[in-house]
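Reading the structure
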Amino acid sequence: MTERQESKQSVKEMNAAMLSSMEAPSRGWLVLAAALGAVVGWGAYAWGLQLVNGLGVAGINRPVMWGFYIINFVFWVGMSHSGTMVSAILRLTNANWRRPILRGAEAMTVFTITVAAMFPLIHLGRSWKLHYFIPFPNTLGLWPNFRSPLLWDIMAINTYIIGSSLFLYLGMLPDLAVVRDRKQGLAKTIYSILAMGWRGTAREWRVYHKASTLMAALIIPVAVSVHSIVSWDFAMTLVPGWHSTIFAPYFVIGAIFSGIAAVVTLILILRRAFQLEEFLTPGHMDNMGKVLLVVSLLWSYFYFAEVLTTWYGHKPIEWAVFTFTGDAYGFLLGLMVVGNTCITIPALCFRRVRRSGPAMLFISIFVNIGMFTERFLIVVPPLAHRNVPFMWGTYAPTWVELSITAAAFAGFGLLYVLFSRFMPIVAISDVHEGEALRSHHRLGRRTVSTMTEEG
Amino acid sequence: MNQAESDNAAYHWGMVIDLDRCTGCGACVVACQAENNVPTVGETLCSQGREMQWIRIERYWEGQYPEVRARFIPLLCQHCDNAPCEPVCPVYASYHTSEGLNGQVYNRCVGTRYCANNCPFSARVFNFFEPEWPEPLNNQLSPDLTVRSKGVMEKCTFCIQRIRRGKEDAKLEGRPVRDEDIVPACAQTCAPGAIVFGNMADPESRAFRLARSKRRFRLLEDLGTEPSVIYLKGGGREDD
Amino acid sequence: MAAGGVLSSCTRDAGQLIPLLIPPDDGSVPGLAQFYASTCLQCPAGCGIHVRVFEGRAKKIEGNPDHPVNRGRLCARGQAALQELYHPDRIQQPFGRREREGPAEPETWASATDRIASRFRELSTRAAGNVLLYTPPLQGIRLELFNKLAVAVRAEHIQDDALNTLVHLTAAREVVGTSASTDYGLAEAQFVLSLGADILETFQSPVRFAEAYGRMRRDRPTVRGLFIYAGPRMSQTAACADEWLPLKPGTEGVLAAGIARYLIENRLYDPASVVAWGLDLESQFKVLNRFDVARVAEMTDLPETRVLRVSRDFGRFRPAVAMAGDGPAAHTNGLDTVQLSHLLNILSGAMGQEARVDRRVHPGSPVPSSVTEMQTAIRRMEQGEILAALFMDVNPLLTLPASLGFRKALAEVPFIISLNTLPNEMTERADIVLPSPSTLERFQDVYPVVRPTGFQLGLAQPVVSPLYEMPSPEDVLIEIVRKVTGNPRESSHLSRLKDRVAATVTDPRTGLENEKWFRALQQGGLWEEQDEGTLASPIMKSPVPAPRLPRFSGTEQQFPFILHLYVSPMLLDGRSAALPWLQEAPDPMTTVQWNSWVEVNPGTAAQLGLVHGDWVEVESPVASIALPVVVFPAIRPDVVAIPKGQGGERGDRYSRGRGANPMVLVSTETDPENDLPAWGATRVRLQKVPSRGSLITSGDPSGSYRGELIGL
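Figured I'd write up the structure that's included with this text. (Residues numbered from 1 in each chain as written. Chains lettered and ligands numbered in written order. Predicted model: local features only at pLDDT ≥ 70, side-chain atom pairs only at ≥ 80, totals over all residues. Heavy atoms only, no water.)

A separate point is the sheet that holds strand β1 (residues 13-18) of chain B. Residues and elements named next belong to chain B. A sheet is described by the order of its strands in space; here four strands give the open sequence β8-β1-β10-β9, paired in mixed fashion. The open sheet terminates on both sides in strands that have one partner only, identified here as β8 (195-199) and β9 (216-217). Of the pairings in the sheet, the one linking β9 to strand β10 (residues 229-232) comprises two bridges and is antiparallel in character. Within the sheet, the bridge partner assigned to Phe-217 lies in β10 and is Tyr-231. (Pairing = 2+ DSSP bridges. Helix = DSSP H or I, 4+ residues; strand = E, 2+ residues; numbered from the N terminus.)

Structure follows, in structure tokens:
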């Protein structure tokens with residue numbers, strides 16, 4: 001009845017397709033990289049100006065001592081939950097459709113967390129004193145203060161950067177070997193070093209799989225802890241509107257929410273840019289859409305719980321913060337609720353929406369706009385209306401903060417563009433593995449794919 | 001330093017501010033600026049909320065015309081025993097001294113501004129720019145303390161240079177510090193005598209005795225920060 | 001070795017190091033602060049100060065604890081005098097201008113004084129009154145020297161009464177027979193009624209009064225003195241009061257009359273005082289008869305219960321003190337109000353006790369020029385009759401009502417000399433600009449406006465070596481007089497000062513003359529500890545006349561609001577506007593910084609569609625200015641208030657082009673019967689205009705209403 005068919009493409013052809021991005025750079029690539037580089041340069045100029053003149057060039061003030069830099073920090077840390085979380089969860093649950101998107105998602109994690117890590121540095125009044133954070137033995141006997149959530153933050157971010165980089169690198173080893181085999185000259189030497197002598201023996205594969213699974217299992221608690229700690233930067237304070245027990249899970253869910261949305265956006269872009277339609281099918285989008293729907297529901301539930309408690313308690317100062325948010329930032333509040341709840345939840349209930357590229361692109365971008373707004377609304381209004389009403393104020397970013405924000409997006413893009421040029425952006429070996437497990441069967445006049453579960 | 005230890009210390013500096021005496025004149029604001037090398041920032045920066053004054057007079061309105069009242073309350077660092085600004089500082093720039101003061105190490109400060117966010121009294125000010133004193137205004141700068149650079153947090157120190165001087169003088173003369181030997185600039189200049197500074201560990205000090213008044217209250221007491229500044233409620237007619 | 005390393009790494013010139021072995025002759029010791037006693041000259045209060053000097057630089061000004069005026073306390077303005085000393089825009093040397101408003105060219109002192117003296121001599125030989133000398137009300141040596149100069153050059157001398165003390169001096173003369181300010185002993189009082197007297201901020205001797213206020217409130221174990229304030233706007237002083245009575249502008253006297261009538265009618269006066277002062281109760285009652293409670297309530301627009309209560313309390317509490325301030329004094333009936341406040345003190349028994357009028361004839365008593373004298377001088381300037389004018393420490397272009405026509409008149413004066421420490425409107429127009437040392441670099445004899453008993457004189461002395469080499473204004477005057485008269489034997493400023501000190505009443509406990517001088521230097525003045533006792537024979541002019549109704553310039557239909565001008569608590573009439581500490585210190589009531597504004601009642605603002613920070617054109621019958629609005633909950637709906645002090649156009653970097661000068665709005669109403677100014681008697685209207693900038697307040701406008709959040 002059924003007849004196993006040979007894979008339509010040879011391994012070589014598949015590799016060529018998946019590594020197409022590593023060919024000689026196209027004109028478009030150069031233009032894009034140059035444009036992104038220019039924006040990053042502009043942001044660097046703005047930061048330089050801030051270093052020379054002082055933080056006053058930003059919009060922060062008394063009482064709003066934290067502004068766009070911290071908003072960006074939280075936002076980018078949130079985005080970084082995309083990759084690793086998605087890839088780790090999918091790896092652990094053996095979701096086979098994960099394979100083509102793994103690399104992209106993991107790389108995204110590394111780059112977003114790198115961008116995120118820049119912001120506390122930019123945010124410092126004296127960035128050149130960063131080493132004060134580092135616990136190193138010194139004659140003065142001075143240590144950083146381990147009671148401070150900011151120090152926890154630094155530890156967590158560093159752990160996360162190291163962990164996610166290892167995770168990415170480990171997953172890339174077999175692919176780097178493939179690239180090595182296709183390169184000549186100096187490039188071959190470099191990729192040889194990077195591939196660490198991968199030969200593809202059975203033992204290597206066994207160890208590799210074990211390590212991947214282990215890393216995946218380990219990275220999830222790190223990711224959860226990172227965003228919990230980020231939330232504790234706020235929740236551990238006495239600031240009305242920040243001091244809330246729900247913040248840690250709320251932030252984690254928020255991070256996953258924006259992270260998954262970012263992965264969706266990224267997949268859609270990658271699919272288009274590298275003609276990966278074959279590997280990233282509407283089926284994948286459908287699955288991601290379902291995940292996004294669940295997370296959106298969770299986020300909305302957390303937000304509702306948070307607001308309900310404040311409203312019901314009606315504690316004067318908290319209510320003052322709340323009404324101020326509505327009065328001064330009503331538009332942003334609306335934007336957030338629309339982006340994160342009102343559009344996302346109903347739309348994602350429909351299979352057609354989930355399988356539509358443009359619709360998913362729109363929703364995923366809107367979710368991240370909503371999440372950026374959410375971070376603004378978490379950071380700014382409670383600071384603007386703290387306990388002493390005489391010192392209430394407002395905040396708006398200046399061109400410096402906006403430039404640096406733009407540079408952050410551009411910088412992320414640039415890292416990605418460079419990565420796609422020099423590293424295998426699609427997890428070749430994983431795809432092959434998937435292909436190996438997939439067989440095509442002819443059923444009457446139709447051909448269907450089947451999947452063998454990994455054992 | 002925990003509570004028990006500081007209870008045993010010889011000094012625990014505190015301040016009593018009698019709102020019934022305070023006239024809201026602002027002399028303390030200028031006194032503090034003169035004493036502590038606090039810069040003026042000019043109109044533009046004031047409009048951006050970047051004033052540097054360590055003490056401010058808050059003026060609150062109550063009621064409506066004609067039954068309207070204005071209330072003044074001088075607000076400075078409250079030198080909380082349980083200060084929220086201290087644990088959040090990642091580099092120990094904000095710390096607690098053994099005499100109950102809320103210290104700020106300018107050299108150590110990296111400018112995270114976390115302490116300012118966590119200060120419920122908004123008592124901390126940040127050097128958003130390098131402070132400026134056009135020549136020859138810089139001649140006025142006191143050599144007793146530093147001029148803070150950009151990117152550093154600062155706030156009221158209870159005139160720590162005066163505390164040190166008072167203690168040194170007492171030591172040279174071989175005697176303990178007497179009550180009201182040490183007077184911060186704001187208390188010294190206050191015309192109606194609304195501000196009284198003293199050693200709260202000394203039951204004989206004027207500040208300690210005033211602090212037992214029935215009119216006493218502390219700002220935002222429910223937050224449990226244990227401020228060292230004690231306010232005495234403003235009056236008003238009994239038959240009002 | 002180590003020290004050598006440190007020193008060689010030091011980039012500073014060795015010339016700036018202070019050698020420890022051979023100390024410099026200014027007495028500075030490295031690392032040690034020295035305190036110099038002096039007297040504050042920022043306002044006429046004459047508070048005693050200690051200046052902390054460190055290695056030859058003045059670091060901080062503090063109140064002198066031994067000084068009887070301020071007892072160790074000091075206000076914001078007094079402390080900011082340091083910034084006058086070290087002001088970056090100080091005039092450092094004489095300047096001359098070849099043409100009006102032309103570029104200023106440096107001149108030597110000799111040539112500048114030569115030019116002035118020869119011009120003065122030439123003009124005075126032609127006719128008398130060709131020269132105008134224009135100063136604030138002077139005392140002591142300054143007055144003596146100006147009198148000398150005026151005689152020598154046959155000049156007219158105007159003593160510009162910018163702080164409006166003339167009404168009070170006249171009222172004191174009318175009621176109790178001495179032109180002197182009253183010292184209110186608030187500390188002993190149980191009940192204080194302020195009729196628009198801003199005693200805690202700007203009125204006469206604010207530090208002295210505020211110090212006493214503190215004691216009145218809380219220094220007595222069982223008594224807390226009560227404080228009631230009556231006035232159309234809640235000033236900082238009014239905000240401290242237990243009760244604010246928002247009465248119609250200019251009806252403070254009516255309230256005082258009502259209280260006086262109530263006291264007499266209900267026999268709540270102090271009989272001994274009435275007898276001692278020779279007050280004829282019957283005729284006084286007759287004069288005030290129509291001011292019963294109901295009528296007073298109607299005239300003042302206060303509830304009857306309030307009028308009744310304040311009257312009853314004034315009779316019930318002893319001691320009870322009443323005082324009238326600048327606001328009511330600036331109305332056409334200002335004299336009546338101040339006189340009636342004295343009547344209240346006589347009735348309560350406070351006059352001569354808690355309300356002390358210094359009745360000694362004092363060498364320093366100021367004699368401000370009357371309105372007629374001012375107007376005449378300005379008219380003569382305008383008509384070209386004044387051919388040279390010397391201005392010292394004044395800025396009439398800012399502080400005089402523009403409608404007096406001073407600006408136009410000034411343009412007609414061919415030769416203008418201006419003596420000032422900092423640049424201002426006058427120095428920018430003067431043909432010869434002479435700098436004067438700051439108040440911390442010169443000697444001056446000071447006679448506080450409110451003199452405590454036994455006070456002889458205050459002494460201001462140099463506390464640092466002068467920043468720029470220049471003679472004191474007194475020495476400049478002496479030099480001019482010498483050159484005009486050709487008499488080289490005029491004694492110097494310092495020897496005159498020593499003579500003054502020597503001539504003071506001698507304390508029996510000290511003997512030597514020279515010791516007195518050193519004591520004056522050490523203390524910053526001379527005063528006796530012992531009380532001089534109460535006045536032997538009180539006299540008064542009785543009865544005190546009933547209050548007239550105030551007149552206003554402009555009709556109520558056209559100009560619905562009465563303009564309430566007040567002296568800025570931080571900048572005074574503008575004389576402190578150059579000091580950045582004071583510009584940046586928030587105004588106590590509005591918390592505005594670096595600006596001026598117009599205060600509007602919330603109801604009125606709502607009617608006119610105005611919100612905080614909107615801009616309005618304030619238009620009076622004579623002029624208009626644009627200002628940002630402060631919605632001010634404690635002002636009558638029919639009144640708008642503007643602080644004086646800002647609006648300088650040509651001065652130093654900190655005050656130039658800031659805010660608007662409300663004196664341009666004032667139409668020159670007067671009290672013609674008494675020859676007194678009434679510069680608070682103008683009506684205005686408001687018109688919303690497009691924004692011309694932002695209004696900066698240190699306090700959040702909405703948060704300012706949420707004091708309950710911090711338990712206030």
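Having put the structure on the table, let's press on.
Moving on, we come to the interface of chain A and chain C. The interface is formed by nine residues belonging to chain A together with ten residues belonging to chain C. The contact between chain A and chain C buries some 740 Å² in all, and 71% of this surface belongs to carbon and sulfur atoms. When the area that chain A buries against chain C is broken down by residue, the three leading residues are Pro-389, Phe-390 and Trp-392 of chain A, summing to 68%. Across the contact surface, chain A and chain C share one residue pair in polar contact (both at pLDDT 80 or more). Here the residues of the side of chain A that touches chain C sort into eight nonpolar, one polar and no charged. (Contact = heavy atoms within 4.5 Å. Buried area = accessible area lost by both parts, 1.4 Å probe. Polar contact = N/O pair within 3.5 Å; in protein donor to acceptor, adjacent residues only side chain to side chain. Nonpolar A, V, L, I, M, F, W, Y, C, P; charged D, E, K, R; others polar.)

A few words now on the interface of chain C and chain B. Residue-level contacts link 82 residues of chain C with 68 residues of chain B. Carbon and sulfur atoms supply 55% of the area that chain C and chain B bury against each other, a total of about 5,900 Å² over both sides. Linking chain C to chain B there are seven salt bridges. We note a salt bridge from Glu-43 of chain B to Arg-658 of chain C, for which the minimum N-O separation is 2.7 Å. Per-element tally for the side of chain C that touches chain B: the top contributor is helix α7 (residues 206-218) of chain C, with eight residues. By residue class, the composition of the side of chain C that touches chain B is 43 nonpolar, 16 polar and 23 charged. (Salt bridge = Lys/Arg side-chain N within 4 Å of Asp/Glu carboxyl O.)

The next thing to look at is the nonpolar core. What tends to happen in soluble globular proteins is that the nonpolar side chains get buried as a cluster. Counting residues in each nonpolar core, the largest one holds 341 residues, and the members touching the most others are Phe-158 and Tyr-231 of chain B together with Leu-193, Met-234, Leu-255 and Leu-347 of chain C. If sequence neighbours within four positions are ignored, Met-234 of chain C has contacts with Trp-61, Val-68, Arg-69 and Ala-70 of chain B together with Ala-239, Trp-244, Met-589, Phe-632 and Ala-634 of chain C. (Core = buried A, V, L, I, M, F, W, Y, C linked by side-chain atoms within 4.5 Å. Buried < 20%, exposed > 50% of the residue type's maximum accessible area, 1.4 Å probe, protein only.)

As a further point, take the packing of aromatic side chains. As enumerated under the stated definition, the model contains 56 aromatic pairs over all chains in all. Aromatic pair Tyr-134 of chain C and Phe-406 of chain C: ring centres 5.8 Å apart, planes at 55°, arrangement tilted. On the criterion of sequence distance, the pair formed by Tyr-134 of chain C in strand β6 (residues 131-135) and Phe-406 of chain C in helix α18 (residues 406-411) is long-range, its members being 272 residues apart. Exposure remark for Phe-406 of chain C: the relative accessible area of 2% places this residue in the buried category. If you follow Arg-108 of chain B out to its NZ or CZ, it ends over the ring of Tyr-132 of chain A, 4.8 Å from the centre. (Phe/Tyr/Trp six-rings, centres within 6.5 Å; stacked < 30°, edge-to-face > 60°. Lys NZ or Arg CZ within 6 Å of the ring centre and 35° of its normal.)

On inspection of all chains with the given rule, the structure shows 73 salt bridges over all chains. Arg-351 of chain A serves as the salt-bridge partner of Asp-286 of chain A, at 3.6 Å between the closest nitrogen and oxygen. Linking Asp-286 of chain A in helix α9 (residues 282-313) with Arg-351 of chain A in helix α13 (residues 351-355), this pair joins segments that are 65 residues apart in sequence. With a relative accessible area of 4%, Asp-286 of chain A lands in the buried category. The salt bridge involving Asp-219 of chain C is made with Arg-21 of chain B; its shortest N-O contact spans 2.4 Å. Of this pair, Asp-219 of chain C sits in the loop between α7 and β10 (226-230) while Arg-21 of chain B sits in the loop between β1 and α2 (27-35), each in a different chain.

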